[in-house]
Amino acid sequence: MTRLLVVHHTPSPVCQELLEAVLAGARTDELPGEVEVVTRPALTAGAADLLAADAVVLGTPANIGTMSGALKHFFDQVYYPALQDTSGLPFGLYVHGGDDTAGAVRDVLRITGGLGWVPAAAPVTTAGALTSADREAAWELGATVALGTLE
């Protein structure tokens, strides 16, 4: 069985909705195999969680032009322990902001690039209240990254 790690910072109802959509996609019965989906808040996820994963989805609000401090804390905890062993790891990203998510996306991509991770899908970015299209995009992100663990 493959393992998908979902690392998230979910301080708002909108971020919770996005997380739930990602998880629903990752756990869909439409996948051609079984994927263990492990969910960890960014402040408690660590290197052992990451090293046991076949792929990862990262979720964060955009705070003051960048990713949340919680997701940055996750990267600070895992960067050196994972640097050699996670190169090529498929990942996905979702970001919610009040009006701008570009800085958060840029900063996450800079760190994941330094780790040598490979995007499994385009980042899902949302602003303001979620639409049905936003929820569908988050579901697709979860399903796509989970599917990638099976290939």
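Residues numbered from 1 in each chain as written. Predicted model: local features only at pLDDT ≥ 70, side-chain atom pairs only at ≥ 80, totals over all residues. Heavy atoms only, no water.

Digging into the side chain of Ser68
Here is step 1 of the chain: Considering the arrangement of structural elements, one finds Ser68 in the loop between strand S4 (66-67) and helix H3 (69-82).
Here is step 2 of the chain: The class of Ser68 is buried, set by a relative accessible area of 1%.
Here is step 3 of the chain: When residues no more than four places from it in sequence are discounted, the contact partners of Ser68 are His9, Thr60, Pro61 and Asn63. (Helix = DSSP H or I, 4+ residues; strand = E, 2+ residues; numbered from the N terminus. Buried < 20%, exposed > 50% of the residue type's maximum accessible area, 1.4 Å probe, protein only. Contact = heavy atoms within 4.5 Å.)

A short note on the packing of H3 against helix H4 (residues 102-115)
Here is step 1 of the chain: Two numbers describe how H3 lies on H4: the axes approach to 12 Å, and their chain directions differ by 10 degrees. One finds that H3 runs roughly parallel with respect to H4. The crossing of H3 and H4 is left-handed. Across the interface between the two elements, Leu71, Lys72, Phe75 and Tyr79 of H3 pack against Val108, Ile111, Thr112, Gly114 and Leu115 of H4.
Here is step 2 of the chain: Among the residues forming the contact of H3 with H4, the class breakdown is six nonpolar, two polar and one charged. (Axes fitted to C-alpha atoms, helices over the stretch in contact; angles between N-to-C directions. Parallel < 35°, antiparallel > 145°, perpendicular 65-115°, else oblique. Left-handed = near helix turned anticlockwise from the far one by under 90°. Nonpolar A, V, L, I, M, F, W, Y, C, P; charged D, E, K, R; others polar.)

Overview of a negative patch on the surface
Here is step 1 of the chain: A cluster of like negative charges, contributed by Asp29, Glu30, Glu136 and Glu140, occupies part of the molecular surface.
Here is step 2 of the chain: For Glu136, the position within the fold is in helix H5 (residues 132-150).
Here is step 3 of the chain: The class for Glu136 is partly exposed, based on a relative accessible area of 43%. (Patch = residues over 30% accessible without salt bridge, like charges linked within 9 Å, V, L, I, M, F, W, Y side chains within 5 Å. Areas by Shrake-Rupley, 256 points an atom, 1.4 Å probe, with all protein chains shown as cover. Salt bridge = Lys/Arg side-chain N within 4 Å of Asp/Glu carboxyl O. Lys, Arg positive; Asp, Glu negative; His and termini not counted. Charge placed at Lys NZ, Arg CZ, Asp CG, Glu CD.)

Overview of the pattern of salt bridges
Here is step 1 of the chain: One pass over the full model with this rule turns up six salt bridges.
Here is step 2 of the chain: Note that Asp76 is salt-bridged to Lys72, the shortest N-O span being 2.6 Å. Of this pair, Asp76 and Lys72 both sit in helix H3, four residues apart, which is roughly one turn of that helix.
Here is step 3 of the chain: Lys72 sits in the partly exposed class, given a relative accessible area of 36%.
Here is step 4 of the chain: Shared partners join several salt bridges into a network, and the residues in it are Arg106, Asp107 and Arg110.

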